[in-house]
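Structure at a glance
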Amino acid sequence: MELIKKIISGIIAIKNGMEMIAKHAFRPAITIQYPEVKDQFNARLRGHIALTSNEDGTSKCIDCKSCVRVCPCGDLIKIESHKDAEGNVKIDKFSIDLGRCIVCGNCVDICPKSALIMSNNYELAKYDKEDLVFDLEDLKLSYEETQHLLKELEKDL
Amino acid sequence: MYDFYLKIFKYLSLPKLIGVITWPVIPFAAIAALMIVLVLFLVLLERKFLALLTIRKGPNRVGPNGLFQTVADAIKLLFKEDIIPANANKILFTIAPVVFFFPAMVVYGLIPFAHNWVAINASCGLLLMLAISAISILGLLSAGWASNNKYSMLGAMRAVSQAISYELPLVLSALSVVVLSGTMNLNKIAFGQGNIFGWYIFPSFFGFVIFLICTLAELNRVPFDLPEAESELVSGYNTEYSGMKFALFFLAEYAALFVYSALIVTLFLGGYSSPFGGYILGLIPYIKKVVFLEQAFWLMSKTFAIILLIMWIRATLPRLRADQLMSFSWKFLLPLSFLNLLFVALFKYFIG
């Protein structure tokens, strides 16, 4: 009697499993064909550090060097600037060595002018370590991109 | 056919002896070609079907929709280096894949693909089939032993113990079909079943289930894939194999999958005969001669139904433990197959 009970429960278990798998056959594949199709990530994704920009395309950075001081990895961030005739700070050079960056976000938190932001770009594979030293041109987001990112971040809060 | 074949040689003014010698080779050449194409297709089918069941896409890079994936894999395996481990038994190591491969190929000759379309029309076809396919275990054992590798040895030992314990219920459930049909000739077994109501699955249902389970065990497929359990043994008996030798193991496995499915169909599901009794092609006077095409179609469609069932099982069930495997065979399947045999004999005596 015990044996028959066992057999019946076994058959039912197998039947349920087979049914479940058969149901899955009619679902569309959840595979994302990565290089061709990219997944949509949340705006809070900690991609690499990027520089926000004003409406006229200039950086918000005032060369206070707070980010340099707060960085736990030493001298990743290198900033050079000069003052123009009206006394505004103009950034000449701004580079981050993303090869050594641990994406902790301290620089983003400390920045008094919100000149730094964490972008959504996570594709950092390069053939050479030197290519990972991003300069001003690589780091800068356009005004539209900045606004979009900020809006998305606000939506999340 | 034979006379026509010899006439070709006469017409080409070639010696008749060549024709006499090459005549028996032709069916085997045809079977070998069929087997290679089938295996290439089966591997792709398995990968695609498993992907469908597990909500993936499967291979889709080589060719349209990944159609040439297995061809690419085969070419890759052909060009790979053939490595023999330093401390391996070189002769056994080389012979093992061949010993594993040739029973799977010979057995193809015993399957009736249409009425009287059998390469070897032996009167004891079923017995011959079971006997020959059991030789492949020897190949596994020698592969595992000759590799001089713990994983290979364990895999081979598991394979042998499993194959031997599941051979008994397999043969006993096949015997129930022999009781029903009164013959061991596979062609006659298939022919004797006729339409769907005559299929031997109905009197011998438990025989069918036991045969299917034992087939899974003989083929080392999930849930009985202990000999090649990836999570425990690296890859079982073929851990040390590479290149073409590994390809032979792979080829034989999938060839055996097809041939065992065809055997299940022949024994229990009417073989090449149509489930509706008559043949559509048989009704038309002039095309009557090609009725074997329809018979081959029925055999193939039933066989692929069984193959898909086996793949479906693979996608669902987890692997058994070694002791569960043994007790399942000896304590459950063997008594059940005896009971089934008794029931079938009584059925045959009183009703059939």
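Remember, it's a predicted structure, so these values are computed and weren't measured experimentally.

The next thing to look at is the overall build of chain A. Scanning chain A for helices and strands turns up five helices and five strands. Listing the helices and strands of chain A from first to last along the sequence gives α-β-α-β-β-α-β-β-α-α. Looking at chain A residue by residue over its 157 residues, the buried ones come to 27%. Working note: accessible area of chain A is about 10,900 Å², and carbon and sulfur atoms make up 55% of it. The averaged location of the 26 negative side-chain charges in chain A is 9 Å from the averaged location of its 22 positive side-chain charges.

Below, the discussion takes up the nonpolar core. One broad trend across soluble globular proteins is that nonpolar side chains are buried collectively. Counting 91 residues, the largest nonpolar core has Leu126, Leu267 and Phe268 of chain B as its most contacted members. By residue number, the principal contributor to this core is helix 10 (residues 243–268) of chain B, which donates 17 residues. Setting aside chain neighbours within four positions, we find leucine 126 of chain B in contact with Ala174, Val178, Met184, Leu186, Ile189, Leu263 and Leu267 of chain B. Residues Ile49, Ile91, Ile96 and Ala115 of chain A belong to the second largest nonpolar core, which totals 22 residues.

Residue and element names in this part refer to chain B. Applying the stated criterion across every chain yields a total of 19 aromatic pairs over all chains. Ring geometry for phenylalanine 93 against tyrosine 241: centres 4.1 Å apart, planes inclined by 5°, an arrangement best described as stacked. Pair noted here: phenylalanine 93 is in helix 5 (residues 90–108) and tyrosine 241 is in the loop between helix 9 (205–218) and helix 10, with a separation of 148 residues, a long-range link. In this structure tyrosine 241 comes out as buried when scored by relative accessible area, which is 6%. Both rings, one in phenylalanine 100 and one in phenylalanine 249, keep their centres 5.3 Å apart while their planes meet at 40°; by these two values the pair is tilted. Placement of the pair is phenylalanine 100 in helix 5 and phenylalanine 249 in helix 10, with a sequence separation of 149 residues.

On to unusual backbone geometry, then. Cis geometry is adopted by the peptide bond preceding proline 223 of chain B, which originates at valine 222 of chain B and carries an omega value of 5°. As for its placement among the helices and strands, proline 223 of chain B is situated in the loop between helix 9 and helix 10. One non-glycine residue, lysine 65 of chain A, lies in positive phi territory at about 65°. Note on placement: lysine 65 of chain A falls in the loop between strand 1 (49–51) and helix 2 (66–70). When its relative accessible area of 33% is taken as the criterion, lysine 65 of chain A is described as partly exposed. Despite not being glycine, asparagine 65 of chain B shows a phi value in the positive range, around 60°.

The next thing to look at is the packing of helix 9 of chain B against helix 10 of chain B. Residues and elements named next belong to chain B. Packing of helix 9 against helix 10 brings their axes to within 11 Å, and their N-to-C directions diverge by 170°. The pairing of helix 9 with helix 10 is recorded here as roughly antiparallel in orientation. Residues Gly207, Phe208, Phe211, Leu212, Thr215 and Glu218 of helix 9 pack against Tyr260, Leu263, Ile264, Leu267 and Phe268 of helix 10. A class-by-class count of the residues in the contact of helix 9 with helix 10 yields eight nonpolar, two polar and one charged.

The rules behind the values
Residues numbered from 1 in each chain as written. Chains lettered and ligands numbered in written order. Predicted model: local features only at pLDDT ≥ 70, side-chain atom pairs only at ≥ 80, totals over all residues. Heavy atoms only, no water. Helix = DSSP H or I, 4+ residues; strand = E, 2+ residues; numbered from the N terminus. Buried < 20%, exposed > 50% of the residue type's maximum accessible area, 1.4 Å probe, protein only. Areas by Shrake-Rupley, 256 points an atom, 1.4 Å probe, with all protein chains shown as cover. Lys, Arg positive; Asp, Glu negative; His and termini not counted. Charge placed at Lys NZ, Arg CZ, Asp CG, Glu CD. Core = buried A, V, L, I, M, F, W, Y, C linked by side-chain atoms within 4.5 Å. Contact = heavy atoms within 4.5 Å. Phe/Tyr/Trp six-rings, centres within 6.5 Å; stacked < 30°, edge-to-face > 60°. Axes fitted to C-alpha atoms, helices over the stretch in contact; angles between N-to-C directions. Parallel < 35°, antiparallel > 145°, perpendicular 65-115°, else oblique. Nonpolar A, V, L, I, M, F, W, Y, C, P; charged D, E, K, R; others polar.

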